[in-house]
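# Structure assessment
Chain by chain, the residues:
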Protein chains: 2
Amino acid sequence: MDRIPILRMGETLLVTIQVDMQDQTALALQDDLADRIAKTGASGVMIDISALEIVDSFVGRMLSSISGIARILSATTVVVGMQPAVAITLVELGLSLEGVKTALNVERGMAMLAAVRAEHRHGG
Amino acid sequence: MDRIPILRMGETLLVTIQVDMQDQTALALQDDLADRIAKTGASGVMIDISALEIVDSFVGRMLSSISGIARILSATTVVVGMQPAVAITLVELGLSLEGVKTALNVERGMAMLAAVRAEHRHGG
């Protein structure tokens, strides 16, 4: 059981990360997500990290990397559910999660993605 | 990291099971779910088991038990994403998942919960 499931909810793909990420799991998740975005035409990716008590530079890079891949495939990524202690540690470590949008919880993340979608439609 | 995160999406609580369930994890999940249903007044619980390659009698009982607890707290439980091989094994083992509603995927599960909610409102 080394693949993280990706749930489709309308135009959004939802991933909840519950285990400490190993290199293999992280790479598989990137591949699977890229694949699913391409296949479904999803416009949003939501990654819940509420179960993580530690976000180190490896996980931080993975989140940035997923966000970058999704952007190229024209999907917006939002990371939700970060524990306050994790946010504090990230800042103390100087990790900025560059290019990664965050929201407090799934509902606010969904609202953020809906807003981005509406903007794109009006813009294009 | 032995607690499974519960995500709130409107009136539905979403759980994705990604790890083989141990007794402690299963009990913690039951407690947490009962607690969250009571606190949020959620009317639906969705449990995604697409990552599980085996559903034995222990997991089967846990799903029935969560479903029963939720029902008492007036919430409907739907189990989604069961792999075809898992369904075959369940039937071969004579496990019936008594009282547990199932749906093919998250979207159909959401539709099922919406239908149940509409029915309750019209009925009551």
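Cut-off values and rules
- Residues numbered from 1 in each chain as written.
- Chains lettered and ligands numbered in written order.
- Predicted model: local features only at pLDDT ≥ 70, side-chain atom pairs only at ≥ 80, totals over all residues.
- Heavy atoms only, no water.
- Contact = heavy atoms within 4.5 Å.
- Buried area = accessible area lost by both parts, 1.4 Å probe.
- Salt bridge = Lys/Arg side-chain N within 4 Å of Asp/Glu carboxyl O.
- Polar contact = N/O pair within 3.5 Å; in protein donor to acceptor, adjacent residues only side chain to side chain.
- Helix = DSSP H or I, 4+ residues; strand = E, 2+ residues; numbered from the N terminus.
- Nonpolar A, V, L, I, M, F, W, Y, C, P; charged D, E, K, R; others polar.
- Axes fitted to C-alpha atoms, helices over the stretch in contact; angles between N-to-C directions.
- Parallel < 35°, antiparallel > 145°, perpendicular 65-115°, else oblique.
- Left-handed = near helix turned anticlockwise from the far one by under 90°.
- Buried < 20%, exposed > 50% of the residue type's maximum accessible area, 1.4 Å probe, protein only.

## Brief notes about the interface of chain B and chain A
- Contacts between the two partners involve 19 residues from chain B and, on the opposite side, 19 residues from chain A.
- Overall, the association of chain B and chain A removes approximately 1,800 Å² of surface from exposure, summing both partners, and the carbon and sulfur fraction of that is 65%.
- Taken together, chain B and chain A are joined by 0 salt bridges.
- Where chain B touches chain A, the interface holds 5 residue pairs in polar contact (both at pLDDT 80 or more).
- For the side of chain B that touches chain A, the secondary structure elements donating two or more residues are β1 (7-9), β2 (12-16) and α4 (106-123) of chain B.
- Split into classes, the residues belonging to the side of chain B that touches chain A amount to 11 nonpolar, 4 polar and 4 charged.

## Here's the deal with the packing of helix α1 (residues 23-40) of chain B against helix α2 (residues 57-72) of chain B
Residue and element names in this part refer to chain B.
- At a minimum axis separation of 10 Å, α1 and α2 run at an interaxial angle of 15 degrees. Judged on the interaxial angle alone, α2 and α1 are roughly parallel. Note that α1 runs across α2; the crossing there is right-handed. Only F58, M62, S65, I66, I69 and A70 of α2 make contact with α1, whose side of the interface consists of D23, A26, L29, Q30, L33, A34 and I37.

## A few points about the side chain of T76(A)
Residue and element names in this part refer to chain A.
- In this structure, T76 sits in strand β4 (residues 76-80).
- You can call T76 buried: its relative accessible area is 15%.
- Excluding residues that lie within four positions of it along the chain, T76 makes contacts with S43, G44, V45, K101, L113 and V116.

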